[in-house]
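Fold and geometry: a report
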Amino acid sequence: MALTRTVRTDDREDTAERLLASAARSSYDPALEIDWDAPVPADKYGMTPEWSSLYGTALWESMSERQRIVLTQHEAASIAGTGIWFEMILMQMLVRDLYRRDPATAYVQFGLTEIADECRHSTMFARAAQHFGIPSYRPKRWIRESGRLFKATAGGALAFGGTLFAEEILDAMQRDFMRDERVQPVTRTVSRIHVVEESRHIRYAREEIVRRTRHLSRTERVRVRLQLGISAYFVVTSLVHDDVYAAAGLDVAEATAAVRANTHYHDRLREGARRTIEFLDDVGLIGGPSTLLLRRAHVL
């Protein structure tokens, strides 16, 4: 597919300088910005209920309001846990990329700023789960172990493309969370901080993908597409851990079956990933066997 987006390599420093200026104006310390000792309102959802994996199903309709609140609190913690997992992968990939570059450049300095942001975000997500008295949710162990290979070897367009899938779906969710007065105040503040700071990271990733796909050979492009599809599949399907249903007093087998058939949730995922899919398709990174995985993850 012909590329329709162009970013000149010499624009890299200009972009990085603008993003550094943005970081100087709009960065937050969650330890100070969030009232971690505030009481947890009993009548507030953990996240916008329409983003729940069970919303729109007969099972959701049969649940008590208390069950729905507990479920959304645990789902929000599970999504945050997946975010922590992938942000740790991202930080390691960024460090490897920056290691060989000149630290006097704005590109490296913004990369280091992004790593600092991601450290704060991971701590913020973990503390949010603790605030609600919810244990840490993480992807299944075999997925976490497989992530070791990805973080040790992925680079270039693959690393930044995987980042977009993780960050832009979360961004779509949190834009709803932060505006929704039905949602817990701490969740809304966490979401606002993450949306503001993550917008810089998304811009950084998108421009790097354009630069780094420009000269990919056909063989390299096929490889990146496939690996990107695999990483996106595991990120998206790991968002909601099966244990969240047990926490809400539901039968796990019944709940997971309802999720698999829940077209409302699948439509939400597709809408959350729409900008990422359109962008990656534009730069030639959607296609081939990877599309089967993206469809199975309900993002295509």
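What counts as what
Residues numbered from 1 in each chain as written. Predicted model: local features only at pLDDT ≥ 70, side-chain atom pairs only at ≥ 80, totals over all residues. Heavy atoms only, no water. 1 Å grid on protein atoms, 1.4 Å probe; cavity = no way out; pocket = protein on both sides within 12 Å on 5 of 7 lines; lining within 4 Å. Points joined across faces, edges and corners; volume = space filled by probe spheres on them. Helix = DSSP H or I, 4+ residues; strand = E, 2+ residues; numbered from the N terminus. Core = buried A, V, L, I, M, F, W, Y, C linked by side-chain atoms within 4.5 Å. Buried < 20%, exposed > 50% of the residue type's maximum accessible area, 1.4 Å probe, protein only. Contact = heavy atoms within 4.5 Å. Phe/Tyr/Trp six-rings, centres within 6.5 Å; stacked < 30°, edge-to-face > 60°. Lys NZ or Arg CZ within 6 Å of the ring centre and 35° of its normal. Expected span 1.5 Å × (residues − 1). Salt bridge = Lys/Arg side-chain N within 4 Å of Asp/Glu carboxyl O. Nonpolar A, V, L, I, M, F, W, Y, C, P; charged D, E, K, R; others polar.

Considering the layout of surface pockets
Approximately 720 Å³ is the volume found for the largest pocket. Looking at the largest pocket, it is lined by 24 residues, and the ones nearest its centre are Thr237, Ser238, Val240, Asp242 and Val259. Taken together, the elements giving at least two residues each to the lining of the largest pocket come down to α6 (141-153), α9 (218-237), α11 (252-260) and α12 (263-282). If you tally residues by element for the lining of the largest pocket, the top one is α9, at four residues.

Here's the deal with the nonpolar core
A general tendency of soluble globular proteins is for nonpolar side chains to be buried together. Leu54, Tyr245, Leu280, Leu285 and Val299 are the most contacted members of the largest nonpolar core, which totals 87 residues. With 15 residues, the single largest contributor to this core is helix α4 (residues 65-99). The residues touching Val299, leaving out its near neighbours within four places in the chain, are Phe165, Ile169, Val236, Leu269, Arg270, Ala273, Ile277 and Leu294.

A look at the packing of aromatic side chains
A complete count under the given rule lists eight aromatic pairs for this structure. Judged by centre distance (6.0 Å) and plane angle (75 degrees), the ring pair of Phe160 and Tyr204 falls under edge-to-face. Note that Phe160 is positioned in helix α7 (residues 156-179) and Tyr204 in helix α8 (residues 185-213), a separation of 44 residues in sequence. Both residues of the pair, Phe160 and Tyr204, belong to the buried class. Put simply, the rings of Tyr107, Phe110, Phe160 and Tyr204 pair up and form one aromatic cluster. Directly above the ring of Tyr107 sits Arg12, whose terminal nitrogen or CZ lies 4.8 Å from the centroid. Of note, Arg268 hangs over the ring of Trp51, and the distance from its end group to the ring centre comes to 5.2 Å.

Topic: α8
Taking 1.5 Å of rise per residue, 29 residues should cover 42 Å, and α8 covers 41 Å from first to last C-alpha, within 8% of that figure. Within α8, 22 of the 29 residues are buried, leaving the element largely enclosed by the surrounding structure.

Quick notes on the pattern of salt bridges
Across all of its chains, the model carries 22 salt bridges by this definition. Put simply, Arg212 and Glu208 hold a salt bridge, and the shortest N to O gap is 2.8 Å. Of this pair, Arg212 and Glu208 both sit in helix α8, four residues apart, roughly one helical turn. Of the two residues, Arg212 and Glu208, neither departs from the other in class, the shared state being buried. Note that Arg270 and Asp267 form a salt bridge whose closest N and O atoms lie 2.8 Å from each other. On the criterion of helical spacing, the pair formed by Arg270 and Asp267 is a turn pair, its members being three residues apart in helix α12. Looking at Asp267, the relative accessible area reads 43%, which means it is partly exposed.

Concerning the environment of Gly229
By secondary structure assignment, the location of Gly229 is in helix α9. Accessibility expressed as a relative area gives 2% for Gly229, which makes it buried. For the pair Gly229 and Thr187, spaced 42 residues apart in the sequence, the C-alpha separation amounts to 30 Å. Residue contacts for Gly229: discarding those within four places in its chain leaves Ser290, Leu293 and Leu294.

Structural notes on empty space enclosed by the protein
Within the structure shown, the criterion is met by three cavities of 30 Å³ or more. In this structure, the largest cavity encloses a volume near 210 Å³. Lining the largest cavity we find 18 residues, and of these Ala76, Ala77, Ala80, Thr187 and Val190 sit closest to its centre. Of all the elements in the fold, those that place two or more residues in the lining of the largest cavity are α4, α5 (106-131), α7 and α8. Considering every element that reaches the lining of the largest cavity, the biggest residue donor is α4, with five residues. Split by residue class, the lining of the largest cavity holds 13 nonpolar, five polar and no charged. Quantified by volume, the second largest cavity comes out at close to 110 Å³. The set of elements that each furnish at least two residues to the lining of the second largest cavity consists of α4, α7 and α9.

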